[in-house]
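If you want the building blocks of each chain, they are given just below.
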Amino acid sequence: MEPTQTLPEAQIKKSIKHFIKENFLLGNDSTLNDDDSFMAKGIIDSTGILEVVSFVEKTFGFRVEDDELLPDNLDSLNSLTSFIVKKQGK
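Given the structure is predicted, the values throughout are model-derived calculations rather than measurements.

The rules we used
- As a convention, each chain's residues are numbered from 1 in the sequence order in which they are written.
- Local features are withheld for residues below a pLDDT of 70 in this predicted model, meaning they are given only at 70 or higher, and side-chain atom pairs are given and counted only at 80 or more; totals for whole chains, interfaces and linings count all residues.
- Where side-chain values are given, they derive from all heavy atoms of the structure, hydrogens and water being excluded.
- Put simply, buried Ala, Val, Leu, Ile, Met, Phe, Trp, Tyr and Cys residues joined by side-chain atoms within 4.5 Å make one nonpolar core.
- Whether a residue is buried, partly exposed or exposed follows from its accessible area with a 1.4 Å probe, protein chains only, as a fraction of its type maximum: under 20%, in between, or over 50%, in that order.
- Only DSSP runs of H or I with at least four residues qualify as helices, and only runs of E with at least two residues qualify as strands; both kinds are numbered from the N terminus onward.
- We call two residues in contact whenever any of their non-hydrogen atoms come within 4.5 Å of each other.
- Axis geometry follows a simple rule: fit a line to the C-alpha atoms, using only the stretch in contact for helices, then measure angles between N-to-C directions, giving values from 0 to 180 degrees.
- An angle counts as roughly parallel when it lies under 35 degrees, as roughly antiparallel when it exceeds 145, as roughly perpendicular when it falls between 65 and 115, and as oblique in every other case.
- Note on convention: the crossing is left-handed when the near helix lies turned anticlockwise from the far helix by less than a right angle, right-handed when the turn is clockwise.
- Under the scheme applied, nonpolar residues are Ala, Val, Leu, Ile, Met, Phe, Trp, Tyr, Cys and Pro; charged residues are Asp, Glu, Lys and Arg; polar residues are all the others, including Gly.

### Observations concerning the nonpolar core
Argument step 1. Counting 24 residues, the largest nonpolar core has Ile-20, Val-56 and Ile-84 as its most contacted members.
Argument step 2. Secondary-structure elements contributing two or more residues to this core are α1 (9–24), α2 (46–60) and α4 (77–88).
Argument step 3. The element that contributes the greatest number of residues to this core is α2, accounting for 6 residues.
Argument step 4. With sequence-adjacent residues up to four places away left out, Ile-20 is seen in contact with Leu-25, Leu-32, Phe-38, Ile-43, Ile-44 and Val-52.

Structure, rendered in structure tokens:
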């Protein structure tokens, strides 16, 4: 997997939000706040998390390791954005 260029945090968040909106919210993100839990709000289920991981790996050019599949990394726009920023910095 080829690493992509490091993107600004705002652009990362915008990309994630667009993906979530189009694939899980049927184009309507009016109820999605940056700290909302994808799982608790019923936006994404366990199968959906795998789709998010696949999107992240393809879009941002790194592998999400098994030990990184944690709600702290993947369960909101803010946590996912922070995780990607951290991974890009490695």
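### Details of the packing of α1 against α2
Argument step 1. Interhelical geometry of α1 versus α2 gives an angle of 140° and a closest axis separation of 11 Å. With respect to each other, α1 and α2 are oriented oblique. Two packed elements cross with a definite hand, and for α1 against α2 that hand is right-handed. Each of Ile-12, Ser-15, Ile-16, Phe-19, Ile-20 and Phe-24 in α1 lies in contact with α2, whose residues at this interface are Gly-48, Glu-51, Val-52, Phe-55, Thr-59 and Phe-60.
Argument step 2. Taken together, the residues of the contact of α1 with α2 sort by class into 8 nonpolar, 3 polar and 1 charged.

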